[in-house]
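What the coordinates show
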Amino acid sequence: MRTFYSVMWYLALPLVLLRLWWRGMKEPGYRQHWRERLGFYRERAPGWHTIWVHAVSVGETRAAEPLIDALVEAYPDSRILLTHMTPTGRATGKALFAKHGERLIQAYLPYDTVAMVNRFIRQFTPRICILMETEVWPNLIAACGERIPVALVNARLSERSLRRGQRFGKLMTEAGRGIALVGAQTEADAARLRSFGAPKVEVTGSIKFDVLVPAAALATGAWLRTHIGARPVLLCASTRDGEEALILDAFKAMAWPHGAPLLMIVPRHPQRFDDVAALVKERGFSLRRRSGIAQHGVDAQVLLGDSMGEMFAYYAACDLAFVGGSLLPLGGQNLIEPCALGKPVLVGPHTFNFALATDDAIAAGGAIRVPDATALLSEAARLLSDTDARAVMGAQAAAYAQRHRGATARTVGLLRRLIY
């Protein structure tokens, strides 16, 4: 089965590279460091004990921050090799971990072919491979074999992903057996991961609860709020394709009893910034972009968050946050960050990627689920007109986030069994 998988990778490689080049038209970062994706690197790590952490994109990279900080402190003679699959993930890692200087290097993980993965391993000779959340690559795990222990941490697996993985049968079961240990976010995740044959699965919780809010993000949030003024702010964060149109239409149809708030939209993917700006203008709303605030202020109905690495600042500047990816069947996004900042949270009906965290936040009183965009705006109107209700809900959100801290320490304790 793995031979067939490898052959399919080689057959698909021309199309994969063509798609990489095409995506580079909107995101130039996809055309940078492209040789690394084929397993060719300039960087080496002679004399270093290398701890390899793979965080595919922005979400995983930000989630890895507490873990990487803890590993840097716990293993002073080691260097962290942080790999990604997306340029936004790499840019996020560069910004987050500049504080570690030469103790951390970055690269793209090569495509999952035997030759490319083996070149990568020969180049960096890592002592351990730590995969974040859901990244399981059969050839990578097989290449690590008995030489390099593989750990899957902050691991999550939805029912939908489980069904998708089961289509590959023995391929994924073989990969699961090759993972030395798994630190799962929840008992449900652990049960689903055991079904793939992972021999050692423990529940450690979500590391995302341990992410500290940077002081610089709070300062940027205060700066944004100064430019926004006294208007209440409804933030729609990490929105996905199709959701912005629903939100804008519902926002336009809404009769605001105390005047419309500022609608702040931050799309999940930066290549969609211009598309979302066009949607706003098509519906007749006045628009200001985050990139233009310093020159023009926020004299508009809609503010587009067209920047990277500032999500904490956007949450800090808002009164109420909707977490996107949940109005349409896309699985939702992480709601821990707004909860940690004490912001009341709204989510849509589709949160299967973060099911337990979302359900727990709702049960704690820090979040409310809405069935559609119209209900989202109605609930927002109610909360934005009730300062006391928002304060109570925000305090419950913060308390929920605080109760779940500690996963980083548990994960590092688990990894000590493999790092030597």
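Values in this document were obtained by computation on a predicted structure and should not be read as measured data.

**Let's talk about the overall build of the protein**
Helix and strand counts for the protein come out as 18 helices and 14 strands. Seen through its principal axes, the protein has C-alpha atoms that stretch 65 × 45 × 40 Å. By residue count, 57% of the 420 residues in the protein fall in the buried class. Put simply, of all contacts in the protein between residues at least 6 apart along the chain, 69% involve residues at least 24 apart. About 17,900 Å² of surface is accessible on the protein, with carbon and sulfur atoms providing 56% of the total.

**Some details on the sheet that holds strand β14 (residues 367-369)**
Spatially, 7 strands are ordered β10-β11-β9-β8-β12-β13-β14 in an open sheet, and the strand pairing comes out parallel. The open sheet has two edge strands with one neighbour each: β10 (287-289) and β14. Averaged over all neighbouring strand pairs, the angle between strand axes comes to 20°, with direction disregarded. Sheet analysis places strand β13 (residues 345-347) next to β14, joined by 3 bridges and oriented parallel. Residue pairing across strands places Val345 opposite Ala367, the latter belonging to β14. Here helix α11 (residues 273-282) sits on the sheet and contacts β9 (262-267), β10 and β11 (302-304); the angle it forms with β10, its principal contact strand, is near 160°.

**Observations regarding helix α17 (residues 387-403)**
Taking 1.5 Å of rise per residue, the 17 residues of α17 would be expected to cover 24 Å, and the 25 Å separating its terminal C-alpha atoms lies within 8% of that figure. Its buried side turned inward, α17 meets α14 (336-340), β13, α15 (355-363), β14 and α16 (373-384).

**Focus on a nonpolar patch on the surface**
Together, Met1, Phe4, Val7, Met8, Leu11 and Phe168 make up a nonpolar patch on the protein surface, roughly 620 Å² of accessible area in all. Along the polypeptide, Phe168 turns up in the loop between α6 (159-166) and α7 (170-177). We classify Phe168 as partly exposed; its relative accessible area is 41%.

**A closer look at the pattern of salt bridges**
Evaluation of the coordinates by the stated rule reveals 24 salt bridges. Salt-bridge contacts for Glu27 lead to Arg23; the nearest nitrogen and oxygen are separated by 3.7 Å. Given a relative accessible area of 10%, Glu27 falls into the buried group. Two residues, Glu133 and Arg156, come together in a salt bridge whose shortest N-O distance is 3.1 Å. Placement of the pair is Glu133 in the loop between β4 (128-132) and α5 (138-144) and Arg156 in the loop between β5 (150-155) and α6, with a sequence separation of 23 residues. Neither residue differs from the other here; Glu133 and Arg156 are each classed as buried. Salt bridges linked by common partners bring Glu65, Asp69 and Lys99 together as one network.

**A word on the UniProt feature "transmembrane region" (unreviewed entry) in the protein**
Mapped onto the present numbering, the UniProt feature "transmembrane region" (unreviewed entry) falls at residues 6-22. As annotated, residues 6-22 comprises 100% helix and 0% strand, and the C-alpha atoms at either end are separated by 24 Å.

**A few points about the environment of Thr86**
Looking at the element boundaries, Thr86 is found in the loop between β2 (78-84) and α3 (87-97). For Thr86, a relative accessible area of 14% gives the class buried. Thr86 sits 317 residues away from Arg403 along the chain, and the two C-alpha atoms are 32 Å apart.

**Here we look at the packing of aromatic side chains**
The geometry of two aromatic rings is summed up by the distance between their centres and the angle between their planes. Taken as a whole and judged by the stated rule, the model has 8 aromatic pairs. Consider the rings of Phe251 and Trp256, whose centres lie 5.3 Å apart with planes at 50°: the pair is tilted. For the pair Phe251 and Trp256, a shared accessibility class is recorded, and that class is buried. Ring pairs connect the aromatic residues Tyr41, Trp52, Phe120 and Phe124, which therefore count as one cluster. Stacked on the ring of Tyr108, the Lys or Arg Arg90 has its end atom at 4.7 Å from the ring centre. The ring of Phe40 carries the charged tip of Arg119 above its face, separated from the ring centre by 4.1 Å.

**Notes on the pairing of β2**
Of all 7 residues in β2, 7 are buried, a share of seventy percent or more. Judged by which residues are buried, β2 turns out to be covered on both faces: Ser78, Ile80, Leu82 and His84 on one side and Arg79, Leu81 and Thr83 on the other are all buried. Bridge count for strand β1 (residues 49-54) against β2 is 6 bridges, and the pairing is parallel. Counted as the bridge partner of Thr50 is Arg79 from β2. Of the pairings in the sheet, the one linking β2 to strand β3 (residues 104-108) comprises 5 bridges and is parallel in character. Looking across to β3, one finds that Leu82 is bridged to Gln106.

Basis of the calculations
- Every chain begins its residue count from 1, and numbering advances along the sequence as written.
- Where local features are concerned, this predicted model is filtered to residues with pLDDT of at least 70; where side-chain atom pairs are given and counted, the filter is 80 or more; whole-chain, interface and lining totals use all residues.
- Side-chain measures were taken over the full set of non-hydrogen atoms in the model, leaving aside hydrogen atoms and water.
- In this description a helix means any DSSP run of H or I spanning at least four residues, a strand means any run of E spanning at least two, and both kinds are numbered starting from the N terminus.
- Only protein chains enter the accessibility calculation, which uses a 1.4 Å probe; a residue is then buried when its area is under 20% of its type maximum, exposed when over 50%, and partly exposed in between.
- Every residue pair with non-hydrogen atoms within 4.5 Å of one another is taken to be in contact.
- Only the protein chains shown count as cover for residues, and the accessible areas themselves come from Shrake-Rupley with a 1.4 Å probe.
- Two strands are counted as paired when DSSP detects at least two bridges linking them.
- The convention used is that axes are lines fitted to C-alpha atoms, helices contributing only their stretch in contact, and that angles between N-to-C directions extend from 0 to 180 degrees.
- In a helix, the anticipated span is given by 1.5 Å times the number of residues less one.
- Each patch is built from residues that are more than 30% exposed by relative accessible area and take part in no salt bridge. Like charges join if they lie within 9 Å; nonpolar side chains (Val, Leu, Ile, Met, Phe, Trp, Tyr) join within 5 Å.
- Whenever a carboxyl oxygen of Asp or Glu lies within 4 Å of a side-chain nitrogen of Lys or Arg, that contact is scored as a salt bridge.
- UniProt positions are given in the numbering used here, feature names are shortened, and annotations may be inferred rather than shown by experiment.
- When two rings of Phe, Tyr or Trp (its six-membered ring) have centres within 6.5 Å they constitute a pair, described as stacked for plane angles under 30 degrees, edge-to-face for angles over 60, and tilted for the intermediate range.
- In this analysis the charged atom, NZ for Lys or CZ for Arg, is taken to sit over a ring once it is within 6 Å of the ring centre and within 35 degrees of the ring normal.

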